[in-house]
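Here is what each chain is made of, one letter per residue.
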Amino acid sequence: MLLRHTPTGLSERKALTINPAKTCQPIGAMYAALGLRNCMPHSHGSQGCCAYHRSSLTRHYNDPIMSTTSSFSEGSSVFGGQANILESFTNIFSLYNPDIIAVNTTCLSEVIGDDLVQIIKKAAEDKKIPEGKTVIHANTPSFKGSHVTGYANMAAAMVKYFAKNTGKCNGKITLIPSFIEPSDMSEMKHIASEMGIKYIMYPDTSGVVNGPMDGHFRMYPKGGCPKESVVASGDSKAAIAIGRFGAMSATRLLDTQCKVPVHAVDLPIGITATDIFVDMLRKIAGVSVPESIRLERGQLVDVLCDMCQYTYGKKVSLLGDPDILLPMVQFCKDAGMEVLHVLTGTPPGKVKLEERIRELYGDKVIVKAGLLCDMFMFQQLVQENKPDLIMGNTYCKYMCRDLDIPLLRIGFPIYDRIGQSYVPMVGYRGGMHLLLKILNIFMDRQDRDAEEENVELIM
Ligand code: SF4
């Protein structure tokens, strides 16, 4: 109801964000940390931050997310959190026995200026880190960037702390995905396996945040990339950043630290981006694309062609993270849809978001990116030029309800539907799921809005 007071037309603003189109850095860092086997994410800050990060992840994945906190009090807020985190290490290793603790900072510890490098060194000297165990850290100040930045920082920390070059290439390809669902990580592994490629993937949250219910509680589910594999990634034949914004910093570090040749592609969402991903794997590994992958591709092309009358010319507005938006816009183009607006609250940095979207849609499309680009702005744009479909996270549902626009839930967070962590949207099979969802939305609308005499049994 309140949203109905949002004025139409863009309001000039310089220093105000209303309902951000992003979440905070530590959420991404915590999610990435869950992609390491037997790893406990640790939030260096107040309990409130940690509770928010955990609950966001728990609500999105519908699974209990484990993490610990330095639990800052007034004293630590003034004098720093070193004493708290040193005590945390003792408690976490003795109570929860992880192999790795992955520390992310918060706004508070960043403002105080806690030096995590020095603190971890002191913890090691004081024998607070047991033999064979490791503490890694990523700086994740939430007054900069977004959850995707935090994810990228933690992925880079994995390289920094673990990756080693022994001088003997292991012939594997290291795949570093951006912030994407565990189902999508599984799908990328499926493609690589079908092609007979030996790979290392991290972060890999498949089997961790979408693990099965088998009657046993596991503090550390069976999934996640083992530390040894991250170490071995320093000897890989090549590394691919899958999603430039969330994965490039880790792969770049793999290059500078271990001299691994790096490549970058968009997340393989839709036909074009998946083709590019598969082709890159094919070229680097020197293999051919197997019939099973050709079949998956052919089926997607078949549905796309058969049903193009339902997608052609449909107007779409998208909100989300840069790594998802770029291939999604391409997929919309491939399906003949017209993109009106693209908005992200994540500053895109070196990713040429606007430039690349304009290559596809010219000057007609409105692209907004950065910290001031929020849900309020998105609604103003959508009110002015109403699309047939909005693609975005759960928070879009209010404006969709008010404006009677259907919503395809993609990205993070999705609190009010389930399935994204089990059903992929990357690869050809993921593209099929995505396309079917889009088609069902349009066809349901057609059925709902058709005059009685025009309701068709066969559409
Ligand atoms: S924005 Fe900063 S203070 Fe707020 S929850 Fe995130 S880390 Fe904590």
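Residues numbered from 1 in each chain as written. Predicted model: local features only at pLDDT ≥ 70, side-chain atom pairs only at ≥ 80, totals over all residues.

A. Region of interest: the overall build of the chain. When helices and strands are tallied, the chain shows 18 helices and 13 strands. Over its C-alpha atoms the chain spans a radius of gyration of 23 Å, differing by no more than 12% from the 23 Å that the globule rule assigns to 459 residues. For the C-alpha atoms alone, the extent of the chain along its principal axes is close to 80 × 55 × 45 Å. The buried share among the 459 residues of the chain stands at 51%. (Helix = DSSP H or I, 4+ residues; strand = E, 2+ residues; numbered from the N terminus. Rg over C-alpha atoms; globule rule 2.2 N^0.38 Å. Buried ≥ 20, exposed ≤ 12 C-beta atoms within 10 Å, placed from the backbone.)

B. Fine view of the environment of Tyr96. Summarising the element assignment, Tyr96 is placed in the loop between α4 (82–95) and β3 (100–105). Using a count of 14 C-beta atoms within 10 Å as the deciding quantity, one classes Tyr96 as partly exposed. Considering only alpha carbons, one finds Tyr96 and Ile119, 23 residues apart in sequence, at a separation of 21 Å. Among all residues touching Tyr96, those that are not within four sequence positions of it are Met40 and Met219. (Contact = placed C-beta atoms within 7 Å.)

C. Structural context of the sheet that holds strand β9 (residues 315–319). Pairing within the open sheet is parallel, and its five strands lie in the order β11-β10-β9-β12-β13. Two strands lie at the open edges of the sheet, namely β11 (366–369) and β13 (407–409), each paired on one side alone. For this sheet the average axis-to-axis angle between neighbouring strands, irrespective of direction, equals 15°. Where β9 lies against strand β10 (residues 338–344), five bridges are found, and the strand directions are parallel. (Pairing = 2+ DSSP bridges. Axes fitted to C-alpha atoms, helices over the stretch in contact; angles between N-to-C directions.)

D. Expanded view of the domain arrangement of the chain. The domains assigned to the chain are domain 1 (2–9 + 303–452), domain 2 (25–145) and domain 3 (173–294). On a C-alpha basis, the centres of domain 1 and domain 3 stand 26 Å from each other. Of all elements in the fold, only α14 (322–334) and α18 (427–449) reach the threshold of two or more residues within the side of domain 1 that touches domain 3. The element that contributes the greatest number of residues to the side of domain 1 that touches domain 3 is α14, accounting for nine residues. Its residues assigned to classes, the side of domain 1 that touches domain 3 comprises 15 nonpolar, seven polar and four charged. (Domains from an automatic or database assignment. Nonpolar A, V, L, I, M, F, W, Y, C, P; charged D, E, K, R; others polar.)

E. Molecular detail of the site of the ligand. In the vicinity of the ligand, the residues found are Cys24, Pro26, Gly45, Cys49, Tyr52, Thr106, Cys107 and Ser142. In the shell around the ligand, the residues fall into five nonpolar, three polar and no charged. (Near = placed C-beta within 6 Å.)

F. Spatial organisation of the pairing of strand β1 (residues 39–44). Burial analysis of β1 places six of its six residues in the buried class, the great majority of the element. Side chains of β1 alternate between two faces, with Cys39, Pro41 and Ser43 and Met40, His42 and His44 buried alike. Summarising the sheet, β1 and β3 pair through six bridges and their orientation is parallel. Bridging across to β3, Ser43 finds its partner in Asn104. Where β1 meets strand β2 (residues 68–69), two bridges bridge the pair, whose relative direction is parallel. Each residue of the ladder has a partner; that of His42, found in β2, is Thr68. Regarding the hand of the β-α-β motif, the stretch spanning β1, helix α2 (residues 47–61) and β2 is right-handed. (Right-handed = clockwise from strand over helix to strand, strands pointing away.)

G. Main features of the nonpolar core. The biggest cluster of nonpolar side chains holds 124 residues, and the ones touching the most others in it are Met154, Ala155, Met158, Ile242, Ala250 and Met328. Once residues lying within four places of it in the same chain are set aside, the contact partners of Met158 are Leu36, Ile136, Tyr202, Val230 and Ala250. (Core = buried A, V, L, I, M, F, W, Y, C linked by C-beta atoms within 7 Å.)

H. Here's a closer look at the environment of Ile240. Looking at the element boundaries, Ile240 is found in strand β7 (residues 238–242). Apart from residues no more than four positions distant in its own chain, Ile240 is found in contact with Ile173, Leu175, His263, Val265 and Met280.

I. Broad picture of the pairing of β9. Across the five residues of β9, four count as buried, placing the element largely inside the fold. Pairing between β9 and strand β12 (residues 389–392): three bridges, direction parallel. Bridging across to β12, Val316 finds its partner in Leu389.

J. Examining helix α1 (residues 25–33) more closely. Counting buried residues in α1 gives nine out of nine residues, a clear majority hidden from the surface. For α1, every residue scored as buried is listed here: Gln25, Pro26, Ile27, Gly28, Ala29, Met30, Tyr31, Ala32 and Ala33. Where α1 is buried, its residues meet β1, α2, β3, β4 (134–138) and α7 (147–162).

K. Main features of the sheet that holds β2. Taken together, four strands build an open sheet; the order of strands is β2-β1-β3-β4 and the sheet is parallel. Strand pairing shows two members of the sheet lacking a second neighbour, β2 and β4, which therefore form its edges. In this fold α7 packs onto β3 and β4, with an angle of close to 140° to the strand it touches most, β4.

L. Representation of helix α8 (residues 182–194). Relative to the 18 Å expected for 13 residues at 1.5 Å per residue, α8 spans 18 Å between its end C-alpha atoms, a close match to the ideal helical length. Along α8, the positions that sit buried rather than exposed are Pro182, Ser183, Asp184, Met185, Ser186, Glu187, Met188, Ile191 and Ala192. Buried positions along α8 lie against β5 (173–177), β6 (199–201), β7, α11 (270–285), α12 (291–306) and α18. Immediately downstream of α8, the backbone of Gly196 shows phi near 75°, a positive value. (Expected span 1.5 Å × (residues − 1).)

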